[in-house]
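# Descriptive structure summary
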Amino acid sequence: MSKRIAVCPGSFDPVTNGHLDIIERASAVFDKIIVGVLNNPEKKALFTIDERVEMLEECVSHLDNVCVAAFSGLLVEFVRKSGAVAIIRGLRAISDFEFEFRMASMNRKLAPEIETFFMMTGNEYAYLSSSVVKQVASFGGCVKGLVPVVVEKRLREKFLSRKAEGSAIEE
Ligand code: PNS
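First, a word on scope: everything that follows refers to the structure included in this document. Remember, it's a predicted structure, so these values are computed and weren't measured experimentally.

## Thoughts on the state of the cysteines
A complete count under the given rule lists zero disulfides for this structure. No disulfide involves Cys59; its sulfur sits 14 Å from the nearest other cysteine sulfur, which is in Cys8. No disulfide involves Cys67; its nearest neighbouring cysteine sulfur is the one of Cys8, lying 11 Å away.

Right, dumping it as structure tokens:
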């Protein structure tokens with residue numbers, strides 16, 4: 001029987017516990033999950049594509065049927081090349097709906113054979129986003145419980161090195 005593969009796409013800059021909650025729950029439903037990390041040179045990310053993939057790989061290492069891969073260009077092309085049949089997206093508050101609706105409609109127009117599935121995030125992650133995490137961490141705030149420990153550490157290192165670079169320039 002052919003395996004049901006789904007892609008969980010995103011920027012993952014960086015991965016949060018909300019993302020991981022969706023990935024874990026999706027991995028219990030599909031035979032295989034490919035976490036697709038968008039490499040978009042036009043969008044300035046805090047972490048490089050390699051750093052984002054590395055952190056995700058560490059965070060999903062306990063899930064046998066989950067792997068991580070970077071992609072660029074159209075998501076549906078990546079899904080097709082991966083042999084996947086579905087796209088999984090997490091829905092947090094109602095505010096996510098319009099963007100997700102537009103994206104799913106466009107993806108369906110481009111590739112009608114690929115279905116998009118939405119999963120409600122856990123209540124504790126309803127207002128969690130990578131952007132909020134980055135903002136809090138950039139001011140030295142505590143993001144414990146919102147991101148995996150490895151990400152917490154990387155955020156600290158990233159902002160410390162940025163601070164050091166900044167003060168070196170100021171001197
Ligand atoms: O984590 P994000 O930033 O909300 O993820 C958005 C992502 C990566 C899923 C989306 O931007 C995407 O699929 N980009 C690839 C380009 C594409 O396929 N665009 C057409 C659909 S609108």
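Text resumes after the structure shown.
## Some details on the site of the ligand
All residues in the neighbourhood of the ligand are listed as Pro9, Gly10, Ser11, Leu38, Lys43, Gly73, Leu74, Leu75, Arg89, Met103 and Asn107. The contact in question runs from an oxygen atom of the ligand to an N or O atom on the backbone of Leu75, over 2.8 Å. A total of 560 Å² of accessible area belongs to the ligand in isolation, and the protein chains cover 73% of it. Among the secondary structure elements, those contributing two or more residues to the shell around the ligand are strand S1 (5–10) and helix H4 (97–110). Within the shell around the ligand, the residues separate by chemical class into five nonpolar, four polar and two charged.

## Section: the environment of Arg108
Along the chain, the position of Arg108 falls in helix H4. According to the relative accessible area criterion, Arg108 is exposed, its value standing at 52%. For the pair formed by Arg108 and Arg25, sequence separation is 83 residues and the distance between their alpha carbons is 23 Å.

## Thoughts on the sheet that holds strand S3 (residues 66–71)
Pairing within the open sheet is parallel, and its five strands lie in the order S3-S2-S1-S4-S5. Only two strands of the sheet have a single neighbouring strand rather than two, namely S3 and strand S5 (115–120). Averaged over all pairs of adjacent strands, the angle between strand axes in this sheet comes to 30 degrees, irrespective of strand direction. Strand direction decides the pairing type here: S1 and strand S4 (residues 86–91), joined by two bridges, are parallel. Pairing of Ala6 across the sheet is with Ala86, part of S4. Helix-sheet contacts for helix H2 (residues 49–59) involve strand S2 (32–38) and S3, and the interaxial angle to S2 is about 155 degrees. Together, S4 and S5 form the strand contacts of H4, whose direction differs from that of S4 by roughly 175 degrees.

The rules behind these values
- Residues numbered from 1 in each chain as written.
- Predicted model: local features only at pLDDT ≥ 70, side-chain atom pairs only at ≥ 80, totals over all residues.
- Heavy atoms only, no water.
- Disulfide = S-S within 2.5 Å.
- Near = heavy atom within 4 Å.
- Polar contact = N/O pair within 3.5 Å; in protein donor to acceptor, adjacent residues only side chain to side chain.
- Areas by Shrake-Rupley, 256 points an atom, 1.4 Å probe, with all protein chains shown as cover.
- Helix = DSSP H or I, 4+ residues; strand = E, 2+ residues; numbered from the N terminus.
- Nonpolar A, V, L, I, M, F, W, Y, C, P; charged D, E, K, R; others polar.
- Buried < 20%, exposed > 50% of the residue type's maximum accessible area, 1.4 Å probe, protein only.
- Pairing = 2+ DSSP bridges.
- Axes fitted to C-alpha atoms, helices over the stretch in contact; angles between N-to-C directions.
- Contact = heavy atoms within 4.5 Å.

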